[in-house]
Every structure is written in C-alpha cells, then in structure tokens.
Amino acid sequence: MSQVMHEKLVKDAKLFIDGKYVDTASGSTFDSYNPATNEKLASVANGGEEDARYAIDVAQRTFASGVWSNMTVEDRSLILCRISDLILERVEEIAYVETLDVGKPINESIGFDIPRAASNFRFFAEMIKFWTHENFPNKHVMSYSEYAPAGVTSLIIPWNLPFMQLTWKASAALAAGNTVVVKPASYTPLSALMLGDIANEAGLPPGVLNIITGPGSTLGTAMVTHPFVRRVSFVGESSTGKTVMKNAAENLIPVSLELGGKSANIVFEDADLDEAVEGSIDAIYRNQGEICLAGSRLLVQESIYDKFLEKFVNRVKKIKVGDPLDKKTDMGALVAESHLETVDDYVKIGLAEGAKLAYGGKRVEGLEKGNFYEPTVLYDVDNKMRVAQEEIFGPVLVVIPFKDEEEAVKIANDSPYGLAGVVWTNNLRRAQRVTTGINSGLLWVNCWYIRDLRTPFGGSKASGIGREGGRHSFEFYSEPKTITMKL
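Residues numbered from 1 in each chain as written. Predicted model: local features only at pLDDT ≥ 70, side-chain atom pairs only at ≥ 80, totals over all residues. Heavy atoms only, no water.

Draft legend 1. Region of interest: the side chain of Asn210. Its place among the elements puts Asn210 in strand E9 (residues 209-211). Of the residues examined, Asn210 reaches a relative accessible area of 0% and is grouped as buried. Here the side chain of Asn210 touches Asp18 through a polar contact of 2.9 Å, landing on its backbone nitrogen. Here Asn210 is in contact with Phe16, Ile17, Asp18, Ala55, Val58, Ala59, Val180, Val181 and Val182, once residues within four sequence places are set aside. (Helix = DSSP H or I, 4+ residues; strand = E, 2+ residues; numbered from the N terminus. Buried < 20%, exposed > 50% of the residue type's maximum accessible area, 1.4 Å probe, protein only. Polar contact = N/O pair within 3.5 Å; in protein donor to acceptor, adjacent residues only side chain to side chain. Contact = heavy atoms within 4.5 Å.)

Draft legend 2. Spotlight on the pattern of salt bridges. This model, assessed by the stated rule, comprises 30 salt bridges. For the salt bridge of Glu337 with Arg363, the shortest nitrogen-to-oxygen distance reads 2.8 Å. Within this pair, whereas Glu337 is found in helix H12 (residues 337-353), its partner Arg363 is found in the loop between strand E14 (356-359) and strand E15 (376-379), the two being separated by 26 residues in sequence. You can call Glu337 partly exposed: its relative accessible area is 28%. In this structure, the salt-bridge partner of Asp414 is Lys384, at a minimum N-O distance of 3.0 Å. Note that Asp414 is positioned in the loop between helix H14 (405-413) and strand E17 (417-418) and Lys384 in the loop between E15 and helix H13 (386-389), a separation of 30 residues in sequence. Owing to a relative accessible area of 26%, Asp414 belongs among the partly exposed residues under this scheme. Shared partners join several salt bridges into a network, and the residues in it are Arg82, Glu89, Arg90 and Glu201. (Salt bridge = Lys/Arg side-chain N within 4 Å of Asp/Glu carboxyl O.)

Draft legend 3. Structural detail: the packing of helix H4 (residues 91-102) against helix H5 (residues 106-127). Two elements in contact, H4 and H5, have axes separated by 9 Å at closest approach and are oriented at 120°. Overall, the two elements H4 and H5 adopt an arrangement that is oblique. The handedness of the crossing between H4 and H5 is right-handed. The segment H4 lies against H5, with Val91, Glu92, Ile94, Ala95, Tyr96, Glu98 and Thr99 engaging Ile106, Ser109, Ile110, Ile114 and Pro115. Looking at side-chain class alone, the contact of H4 with H5 contains eight nonpolar, two polar and two charged residues. (Axes fitted to C-alpha atoms, helices over the stretch in contact; angles between N-to-C directions. Parallel < 35°, antiparallel > 145°, perpendicular 65-115°, else oblique. Left-handed = near helix turned anticlockwise from the far one by under 90°. Nonpolar A, V, L, I, M, F, W, Y, C, P; charged D, E, K, R; others polar.)

Draft legend 4. Broad picture of the packing of aromatic side chains. Following the criterion strictly, the structure yields 15 aromatic pairs and no others. Ring centres 5.7 Å apart and planes at 50° place the aromatic pair Trp131 and Phe474 in the tilted group. Placement of Trp131 in the loop between H5 and strand E5 (135-137) and of Phe474 in helix H16 (residues 471-476) is noted, with a sequence separation of 343 residues between them. On the basis of relative accessibility, which here comes to 18%, the residue Trp131 falls in the buried class. An aromatic cluster is built from Phe123, Phe124, Trp131, Tyr147, Trp168 and Phe474, whose rings are joined through pairwise contacts. Residue placement shows Arg76 over the ring face of Trp68; its charged tip is 5.9 Å from the ring centre. A cation over a ring is seen here: Arg286 above Phe112, with NZ or CZ 5.3 Å from the ring centre. (Phe/Tyr/Trp six-rings, centres within 6.5 Å; stacked < 30°, edge-to-face > 60°. Lys NZ or Arg CZ within 6 Å of the ring centre and 35° of its normal.)

Now the structure itself:
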C-alpha cells in the first residue's frame, strides 16, 4: 500500500450522522493507535452524551418518516445488495485499515473478515424477500401476523472483529426496516466509519445508518437508556453485558447479548490427530486468540495426551508472529499494550497455580515496540484454575487431560460460560452423545468456525442471551403483531 493510498485511507475520523461526517458537539477527539507499532494512526471524534442523543433523534425522525421502514422490501433489498457489492469492490482498502487498527494478519482480513462482511449484507438482503408471515384461516375468521420494524436500534460493537461484527448486526437490523445507531469500540473505530461512505454511495437514505465514536461509559449508556431506542444488540465481555441489560431494562428495551466464552476443544483418542492439531491451532491462535469462540480449553484424552501435546507444540513452534501487513504472518499484535499486560498476567497466574509451560509465555523478542505475544501453551492444567475458568482473550491455551466421555462432558460444562465447543472424533455416536451433553450454544465436530448464516448464533449462561442469525435475527429486530379479521 503506497504512502499516498495510506494517507487517503487512514485519516482523522468524524461521526457519521444523517448521511454526513460531522464533528462532535464539544470538538473533542481521541487517538487511535497501530497495535503493531503503538504509533498514532488517526484522531477520532470523541462523542459525548449530546452526540448520542442527536444521532438517536436523527434515527427516530428518519424511522418515523417512513423513508426506509415503508420502502418496499424489494427496493430495500437492492440497496443492501449494493452495499455488499461496494464492500467487495473495496476489500483490500477496508482490510488494510482493519489490519492497521486491530493488529490482525492481513491475510485474515482480506481472505475472510471483509468478504464475510459483504456476505452478511447480501444474505439478509436476499432473505428478507423470503421472510414469510403466518396466517391461520378459520371458518369465520382469519388470523395472520405481521413483522413490523421495531424502530431505532442501538448496536454496540467489539474491537476484535469490528467490521465483520458491525455488518453482521447492521445488515439484519436494516433489512428488517429499522434505523440504526452504531458505536464501534474505541480501540478500533476506523473501519466502521468507512461504512458511511459506502452507505451513501449505495443510496441508503440519510439518517438510516449512524455511526458514533467515543467511550462506552457515556455513548453506550445513552444508547441503551434513550426512550426512542427499541432494540439493543451488544457484543462484548460478560460484566459489561450485565450493565447493558440492567440499563435497557429501565425502558423495557429488548436486548441481544453476545458475550464471552471459555470453550472446550475436546480431542478423543479415535480422532484424526493431524486434523485435530491443525483445527485446534486455528481455534486458539486465529486473530491472536482475541475471539469469543476460541477453543481456549484443550481437553485431550489421557491415552493420547503426551503424543498429542508433542504434535501440537511442534506445530505451534512454526507459527510466524510478526508484521500484520506481511502476508507470511500467521499471528499479529494484540490490540493494546494494556491488553498484552493482562494476557501476560494470566500466564503468570497459571504458572503460580501449578500449570506447566510448554511454549511461549512472553513478548516476542525483537518486536517490543508493538504488542506481540508468543503463542502460549500451558499444560497439566486443572479445570479449577483461574486460567481455565476465566476468559483470557489472547493466544493462551490451557491443556487439560480427561479419562472418558463422561469426564470430558463434565469438564466442558464446569464453566461459567456456554458459548461454543469443539469435538474431535471419528465415532458418530460419540459425537452425538457428547454434543448433546455439552451446554453451549454452538458446537462443531471435526471443524471450527464454519457458519451457516441461517442458523442461530449465541450462547448460554455468562455467554449471553438471545440468538441471531437467519429468522432469529428478523424475529429480534422486528415487532410482531397479530391481526384477526372476521370473514
């Protein structure tokens, strides 16, 4: 990417409200940093409560006008498909900004995250045309349902997969006919703001999509307490999710919460070990381990424990950590210096608790200017240890031995979280028994991170409330009404 293109793409960022990029009411800004160098990328508008109220007022006015909510489904679908096309046309540009802002490898941004973002818009744009309403004819009456747009929708997006998460939420809410106010995380605001230009070019009416940046303590609170807001969807860590739910309850606003995870990745003795090694590497070290679905607890059957651990560690040693813009890089930088310190503290806690270090456990030598941490393997871990119970959200794997199916399921469920899980086995009946026994919202067998967008996504326990995906998204972002007519 040339210096000229860099300066074109990475620039000071304003709020996007009512189809225009605008300054904050106070004129305040904050700085966004490159995790690979800890150098400043851009100054970003530091919105406050007044800005949040303005964005929500615009979204409410636009919704009430009917310019979007009353538009035909076919016309709405065409605009959203155009957004999808424009994202695909700009994959490399968005991926570049995403990689600079997040610290993730450019190959992941170009090869998966941004194309998936385009797919999100096209999927919901097409699905809304086939979203059917119920009707129940009777001899004397006809009862039928309508799914009306809910209204102003607040979307609060995390920093680990910002553009993909933004489009996953916004595409469904917009397809359902709502107006949207989005707050990306302060660590990673830049790619989200690029969607404003794309929306304008696609013909999305002004005020339908609004993007505001700033601290969650002010913006986020306003977005879940404002009386005009009718839906809140939040992705983030569990304690913040509880606060969001509590605040939204003041106005009885329905919430969808996608929260943390500490998923069990279970390898049985009859598994294809090479396949399980590769899949388990991906499940913990993709995106530097900064992903809620990470298989961060590796449960290995005792009969193959030593053999599998040796294979796994030998493969970890081949992971290339380095410049996120280098296409040979496998793992980039953690999002912030403070987060790296948190991850490192957990490794120290694990060792103090009695875990053993097989590999990693420190900053990458020679890359101290950035937030680079070695892929780390802690083994002989007891599931009661903090490193097995708490979400580290980094490239730290804990390895736990188990004897049989019953113990594997027991360990998997012995967690405050219930988001995801992975099972590696060539025994179909075992796969069915184990997946049935694990209390998690998503489970994979002999694979990881494969998603059919029609299926429900979400977790249980401390991993969240509600499901999105396919019809589940439309059910959440809509307000159903039943009409009964005498014949």
